[in-house]
Each structure stands twice: as C-alpha cells, then as structure tokens.
Amino acid sequence: MRQTEITEILNRPLSRELLARDLTRLAYVAKDGTPRSIPIAFSWNGSEIVLCTSKNAPKLPALRANPMVALTIDTEVHPPKILLVRGRAELDVVEGIPDEYLQMNGSYEMTPEQRVEWEAEVRSLYDGMVRIVVTPTWAKLIDFETTLPSAVEELIQRRAERQHA
C-alpha cells in the first residue's frame, strides 16, 4: 500500500475519531509462535501510533524477534466502525514516564484528585518504560456504509453477477 493511500485513509474524519479513542487491540506473534491480541492504551501523533509498556512486559522479546504487528480500533455500536492498521513496531526504552503514556490515559473518567493519585502511583512504580512506536504500512477503514470487509464486498459482487446472468 502506498503511503499516500495510508495517509488518505488515516486522515478521514472517522479514522481521526477512532484514532482519538483510548484502546486498541495489538496483535503480534509470541515467542512460542502463537498469536496474541491484547487491549492496550495508545496515542496517535499524526504519523505514528504510540503504545507504552513496562520494561519487563512479555510482549517485548516477541516484538524484538518479529516486529510486524496489527492493530484494531473499533466501536461497540451497530454497525461497528473499524480501523485496521498494520505496521512495524520499533521499541524505544525511555527513563521515566513517557508523555504519551500520561496523555493516553487522560480521557479515562477520573476526578482531578484521582488523576493526581494515579500519576503518583505510576511515577512510583515505573523507573522507565518502553515506547512501542508503530508506523502504519497498511490501513483500512470499515464503516459498513461506504466501506465493507473485502470478503463481504466479494460476496456482493458475486450476487450482482448472478442476478445479471
């Protein structure tokens, strides 16, 4: 997929809305060769999806061995709105708490007092974190109105061909 196509998809209003959500599902291949899909907080900086995790997270050796990942960001309504992204994860070990981690947890419903307590707890727990930076190499937006999963598009095409035969 060309970068211009990816950019066009990610700049659509619905994509921007989904990229402002709190959670994505990160799919990767674990060290034992089996697939994993985990919910994880993220932030979008306009060109990259940034996830943050502890320096001892089990996913890190797997991502070092195979950095190819897939992300799903979706809604819980019908019809669902789905943004699918594939890319390569780059790992960036940082001291302290990355700004993205504090920002990506900013939309959870916390009172100002809870936020202060949460941030103090985070700062006391982590001496550093790993930023997992994913640059999209492929993207698809599915809204079930103007775009559909490719398999459904194929079925619709087959049905149309049968009806015109």
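Residues numbered from 1 in each chain as written. Predicted model: local features only at pLDDT ≥ 70, side-chain atom pairs only at ≥ 80, totals over all residues. Heavy atoms only, no water.

(A) Focus on the overall build of the chain. Broken down by element type, the chain carries 6 helices and 7 strands. Traced from its N-terminal end to its C-terminal end, the chain shows the element sequence α-α-β-β-β-β-α-β-β-α-α-β-α. Principal-axis analysis of the C-alpha atoms places the extent of the chain at approximately 70 × 40 × 30 Å. Here the chain holds 165 residues, and the buried ones make up 38% of them. Looking at the chain as shown, the accessible area adds up to about 9,900 Å², and 53% of this sits on carbon and sulfur atoms. The distance from the centre of the 20 positive side-chain charges to the centre of the 24 negative ones in the chain is 7 Å. (Helix = DSSP H or I, 4+ residues; strand = E, 2+ residues; numbered from the N terminus. Buried < 20%, exposed > 50% of the residue type's maximum accessible area, 1.4 Å probe, protein only. Areas by Shrake-Rupley, 256 points an atom, 1.4 Å probe, with all protein chains shown as cover. Lys, Arg positive; Asp, Glu negative; His and termini not counted. Charge placed at Lys NZ, Arg CZ, Asp CG, Glu CD.)

(B) Main features of the sheet that holds strand 1 (residues 23-29). Read from one edge of the open sheet, 7 strands run 2-1-5-6-7-4-3, paired in antiparallel fashion. Across the chains shown, the open sheet's two edge strands, defined by having one partner strand only, are strand 2 (35-41) and strand 3 (43-44). Where strand 6 (residues 82-95) meets strand 7 (residues 128-142), 14 bridges bridge the pair, whose relative direction is antiparallel. Residue pairing in the sheet places Glu90 in a bridge with Val133 of strand 7. Taken strand by strand, helix 1 (residues 3-10) contacts strand 3, strand 6 and strand 7, and its axis lies near 95° from that of strand 7. (Pairing = 2+ DSSP bridges. Contact = heavy atoms within 4.5 Å. Axes fitted to C-alpha atoms, helices over the stretch in contact; angles between N-to-C directions.)

(C) A look at the packing of aromatic side chains. One pass over the structure, following the stated rule, counts 2 aromatic pairs. Judged by centre distance (5.9 Å) and plane angle (25°), the ring pair of Tyr101 and Trp118 falls under stacked. In this pair, Tyr101 sits in helix 4 (residues 99-104) while Trp118 sits in helix 5 (residues 112-125), placing the two residues 17 residues apart along the sequence. On the accessibility criterion, Tyr101 (12% relative accessible area) is buried. Taken together, a centroid distance of 6.2 Å and an interplanar angle of 65° make the contact between Tyr101 and Tyr126 edge-to-face. In this pair, Tyr101 is assigned in helix 4 and Tyr126 in the loop between helix 5 and strand 7, connecting sequence segments 25 residues apart. Stacked on the ring of Trp138, the Lys or Arg Arg86 has its end atom at 3.7 Å from the ring centre. (Phe/Tyr/Trp six-rings, centres within 6.5 Å; stacked < 30°, edge-to-face > 60°. Lys NZ or Arg CZ within 6 Å of the ring centre and 35° of its normal.)

(D) Up close: the pattern of salt bridges. Following the criterion strictly, the structure yields 10 salt bridges and no others. One salt bridge connects Glu100 with Arg131, and the closest N-O pair in it is separated by 2.8 Å. Here the residue Glu100 occupies a position in helix 4, and Arg131 occupies one in strand 7, the gap between them amounting to 31 residues. A single burial state applies to Glu100 and to Arg131, both of which are buried. The partner of Glu154 in a salt bridge is Arg158, and the shortest N-O contact between them spans 2.1 Å. A residue pair is termed a helical-turn pair when its members lie 3 or 4 positions apart in one helix, as Glu154 and Arg158 do in helix 6 (residues 150-164) at 4 residues. On the basis of relative accessibility, which here comes to 42%, the residue Arg158 falls in the partly exposed class. (Salt bridge = Lys/Arg side-chain N within 4 Å of Asp/Glu carboxyl O.)

(E) Inspection of the nonpolar core at higher detail. Ranked by internal contacts, the top residues of the largest apolar core, which has 27 residues, are Ile49 and Leu83. Of all elements in the fold, only helix 1, helix 2 (13-19), strand 1, strand 4 (49-54), helix 3 (59-65), strand 5 (68-74), strand 6 and strand 7 reach the threshold of two or more residues within this core. Element by element, the count of residues in this core is highest for strand 7, at 5 residues. Each residue touching Leu83, except ones within four places of it in the same chain, is listed here: Ile9, Leu10, Ser15, Leu18, Leu19, Leu71, Thr72, Ile73, Lys140 and Leu141. Ala41, Ile97, Tyr101 and Met129 belong to the second-largest nonpolar core, a separate cluster that totals 9 residues. (Core = buried A, V, L, I, M, F, W, Y, C linked by side-chain atoms within 4.5 Å.)

(F) Highlighting the side chain of Asp74. Inspection of the secondary structure puts Asp74 in strand 5. At a separation of 2.7 Å, a polar atom in the side chain of Asp74 contacts the side chain of Arg25. (Polar contact = N/O pair within 3.5 Å; in protein donor to acceptor, adjacent residues only side chain to side chain.)

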